[in-house]
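Spelled out from the first residue to the last, the chains are:
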Amino acid sequence: MPNKHGCLSRSRCVLLVFTCAVLLSATFALAFSGSRNKSKIEQLRARVEAQSLAQGRTPASLASSIPSGIPAELATEWLDPSIANVILVMVDGVRWQEVFRGIDPDLGAALNAEETAPFFEWLKGKALTQGFLWGNLDRGDDVRVANPSWKSLPAYQSIFAGATQPCISNSCGRVPVTTLQERLVDANGAEFTHDEVVTIASWEKIALAVEHEEGKSFVNTGIKDLADGGSDEELAAINREQAKDAPPWSDARFDRYTFRHALRYLKKHEPRFMFISFDDADELGHLNKYSEYIKSLRFYDQAMRTLVETVDGMKEYGESTTILLTTDHGRGLKGEWIGHGSGIAGSDRVWIYGRNNLTRTKPELIKGGPGRPINHLDIRPTVEALFGLKPQGPGKVISELIAKQK
Ligand SMILES: [Zn+2]
């Protein structure tokens, strides 16, 4: 007689469970990571097929299917969502003025030639031939935050929630709703693993914006050691060095360590969605150190260049990766540049760079602005659409990254 668990005897039951576990783990390893002869893209497609079969859907229709809710003009041709990856980089508190105009003549008047040397040369040079850079007020671009306080945590929360949140200060606690990152781990058609949905951030409080319940995705913020199961000397060195070299501001590590962690993680794990969050620029702005602020922008330009070149060198992974770069808020004008917030005029203006294999074939993007208002709430639906998920919230999909024809 089977016992209440359905096994014929205890020893047979143990053997059966053990055999199943071995078979299952072997199948899993083959399908998801261990198939040495399969390309990454073949592995990803096989995984999507397995997932859709398990859910009773037809796998053949999946790669080309357009999720309902996608604007009709996009429903012609489509980047294959089953192999897509997205890397979102955010730099905290970087004004559109420095991005598009360069050194501020008032704030930079006392700087020497070395301090005022050009910056964002890569972003406004090579990068611009491969994507779009929007937010230039001098051209009439309208790119804004989507929170009433024009501060950091409210901005990050609204971006990942896909809707403006009740949060109006950096002390508001954890985002109260399911985030983009959480949906990517849970949603039918995505179901990425914990280690494939990644946040690596300089500012500790970013953790409060990327998950409404801690632990679903990979999150490393502030000066905490990064632990991804790796025991390599590179990881140990970064953890060791960041602990000995804390910045003068609180709750953060220097961006140079965040970037080293992110680059190593990217190469080692090939994440599907990665959020890299930098912080130095905002801290230096609040400290009224204009020269140091400019230096941090120079670092961001070089970091983005390294990131893009690294991704491009990752063959199939690179070909299917979208890279976005933006900021959480602007800053005030002239003497008010050290601050930002709803009382500081102009600090709601932001900018965004986007680039993937599709935008590289659209040279017309170099010239113009978006031609419509863009705000932070457009980021989540764009990422969702890139992964073939039905976009949620009031934001609009940035179609330049997705549709082959405009
Ligand atoms: Zn700030």
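### Let's talk about the overall build of the protein chain
Within the protein chain one finds twelve helices and nine strands. Within the protein chain, counting contacts between residues at least 6 apart in sequence, those at least 24 apart form 69% of the total. As presented, the protein chain carries roughly 18000 Å² of accessible surface, and 55% of it is formed by carbon and sulfur atoms.

### Some points on the coordination of the zinc ion
Within the protein, the zinc ion binds to D282 (OD), D282 (OD), H286 (NE2) and H340 (NE2); these donor distances fall in the range 2.1 to 2.6 Å. Between the four donor atoms coordinating the zinc ion, the angles at the centre fall across 53 to 145 degrees, so the site counts as irregular. In the primary sequence, the donor residues of the zinc ion line up as D-x3-H-x53-H. Of the two residues, D282 sits in helix 9 (residues 280–286) while H340 sits in the loop between strand 7 (321–327) and strand 8 (352–355), which places them 58 residues apart along the sequence. By relative accessible area, D282 is classed as buried at 6%.

### Quick notes on empty space enclosed by the protein
On inspection of all chains with the given rule, the structure shows two cavities of 30 Å³ or more. The volume enclosed by the second largest cavity comes to roughly 50 Å³. V143, R144, T326, V350, I352, I374, N375, H376, I379 and I398 are the residues that line the second largest cavity. In terms of residue class, the lining of the second largest cavity is built from six nonpolar, three polar and one charged.

### Digging into the pairing of strand 2 (residues 131–134)
Both faces of strand 2 are covered, namely the face carrying G131 and L133 and the face carrying F132 and W134. For strand 2 and strand 8, the ladder comprises four bridges, and the chain directions are antiparallel. Across the sheet, the residue bridging to F132 is G354, located in strand 8.

### Some remarks on the environment of D142
You can see D142 is positioned in the loop between strand 2 and strand 3 (143–144). On the accessibility criterion, D142 (23% relative accessible area) is partly exposed. Sequence separation between D142 and W351 is 209 residues, and the spatial gap between their C-alpha atoms is 8.7 Å. Polar side-chain contacts of D142 include one of 2.7 Å to the side chain of R144.

### Observations concerning the side chain of H261
Tracing the sequence through the fold places H261 in helix 8 (residues 255–269). Once residues within four sequence positions are removed from consideration, H261 is found in contact with I200, L226, L235, I238, N239, Q242 and R253.

### Describing the packing of helix 7 (residues 233–244) against helix 8
Where helix 7 meets helix 8, the axes come as close as 10 Å, and the angle between the chain directions of the two elements is 165 degrees. Judged by the angle between their axes, helix 7 and helix 8 are roughly antiparallel. Crossing handedness for the pair helix 7 and helix 8: left-handed. Contact residues: E234, L235, I238, N239, E241 and Q242 in helix 7; Y257, R260, H261 and R264 in helix 8. The class makeup of the residues in the contact of helix 7 with helix 8 is three nonpolar, three polar and four charged.

### Brief notes about the packing of aromatic side chains
Applying the stated criterion across every chain yields a total of 18 aromatic pairs. A network of ring pairs unites the aromatic residues Y156, F160, W203 and F275 as a single cluster. The lysine or arginine in question, R256, covers the ring of F254, its NZ or CZ lying 4.2 Å from the ring centre.

### Remarks on the confidence of the model for the protein chain
Considering every residue of the protein chain, the mean pLDDT works out to 86; 79% of them sit at 70 or more. Below a pLDDT of 50 lies the segment residues 1–37, which in the model reaches 15 contacts outside its immediate sequence neighbourhood of four places, other chains included. Segment residues 58–65 is flagged for pLDDT under 50; beyond a separation of four residues in sequence, or across chains, it makes ten contacts in the model.

### Thoughts on unusual backbone geometry
Positive phi is not limited to glycine here, since W150 has a value of about 55 degrees. By secondary structure assignment, the location of W150 is in the loop between strand 3 and helix 4 (152–161). At K334, a position not held by glycine, the phi torsion is positive, near 45 degrees. Inspection of the secondary structure assignment puts K334 in the loop between strand 7 and strand 8.

### A word on the packing of helix 8 against helix 10 (residues 290–312)
At their nearest, the axes of helix 8 and helix 10 sit 11 Å apart, and the two run at 5 degrees to each other. One element, helix 8, and the other, helix 10, form an angle in the roughly parallel class. Along the contact surface, helix 8 presents D255, R256, F259, L263, L266 and K267, while helix 10 presents F299, Y300, A303, T306, L307, T310 and V311. Looking at the contact of helix 8 with helix 10 residue by residue, the classes come out as eight nonpolar, two polar and three charged.

### With respect to the nonpolar core
Grouped together as the largest cluster of nonpolar side chains are 52 residues, with contacts concentrated most on I87, V94, L123, L307 and W351. Here V94 is in contact with V99, F120, A281, Y293, L297, Y300, T327, H329 and W351, once residues within four sequence places are set aside. Counting residues in each nonpolar core, the second largest holds 43 residues, with W150, F273, L365 and V397 among its members.

Rules behind the numbers
Counting from 1, residues in each chain are numbered in the order their sequence is written. Local features in this predicted model are restricted to residues whose pLDDT is 70 or higher, and side-chain atom pairs enter the listing and the counts only when it is 80 or higher, whereas totals over whole chains, interfaces and linings include all residues. Working from all heavy atoms in the structure, the side-chain values ignore hydrogens and water. Only runs of H or I of at least four residues qualify as helices and only runs of E of at least two qualify as strands under DSSP, and these elements are numbered from the N terminus. Whether two residues are in contact is decided by their heavy atoms, any of which lying within 4.5 Å being enough. A 1.4 Å probe and the Shrake-Rupley method give the accessible areas. Residues count as covered only by the protein chains that appear here. Each metal site is built from N, O and S donor atoms within 2.8 Å (3.2 Å for Na, K and Ca), and since water is not included, such sites may look incomplete. Every angle between 85 and 135 degrees makes a four-donor site tetrahedral, while opposite donors more than 155 degrees apart, with all other angles between 65 and 115, make a four-donor site square planar and a six-donor site octahedral; other sites are irregular. Accessible area is worked out with a 1.4 Å probe on protein chains only. A residue is then buried under 20% of its type maximum, exposed over 50%, and partly exposed in between. Here a cavity means grid points, on a 1 Å grid over the protein atoms only, where a 1.4 Å probe fits yet cannot get out; a pocket means an open set of points with protein on both sides within 12 Å along at least five of seven lines; lining residues are those with an atom within 4 Å of a point. Grid points are joined across faces, edges and corners, and a volume is the space filled by probe spheres set on the points. For this classification, Asp, Glu, Lys and Arg are treated as charged, while Ala, Val, Leu, Ile, Met, Phe, Trp, Tyr, Cys and Pro are nonpolar and the rest, including Gly, are polar. In this analysis, strands are considered paired if DSSP registers two or more bridges between them. Polar contact is the term for a pair of N or O atoms within 3.5 Å; when the atoms are in protein, one must be able to donate a hydrogen and the other to accept it, and sequence-neighboring residues count only if both atoms are side-chain atoms. Whenever a helix is involved, its axis is fitted only over the stretch in contact; in every case the axis is a line through C-alpha atoms, and angles between N-to-C directions fall within 0 to 180 degrees. In these notes the angle categories are as follows: under 35 degrees is roughly parallel, over 145 is roughly antiparallel, 65 to 115 is roughly perpendicular, and the rest is oblique. By definition, turning the near helix anticlockwise from the far helix through less than a right angle yields a left-handed crossing, and turning it clockwise yields a right-handed one. Classification of ring pairs uses Phe, Tyr and Trp, with its six-membered ring standing for Trp, and accepts pairs whose centres are within 6.5 Å; under 30 degrees between planes counts as stacked, over 60 as edge-to-face, and the remaining range as tilted. Here, over-ring charges are defined by two tests on the NZ atom of lysine or the CZ atom of arginine: distance to the ring centre within 6 Å, and angle to the ring normal within 35 degrees. Residue-level confidence of the predictor, termed pLDDT, takes values from 0 up to 100. In these notes, a set of buried Ala, Val, Leu, Ile, Met, Phe, Trp, Tyr and Cys residues joined through side-chain atoms within 4.5 Å is what counts as a nonpolar core.

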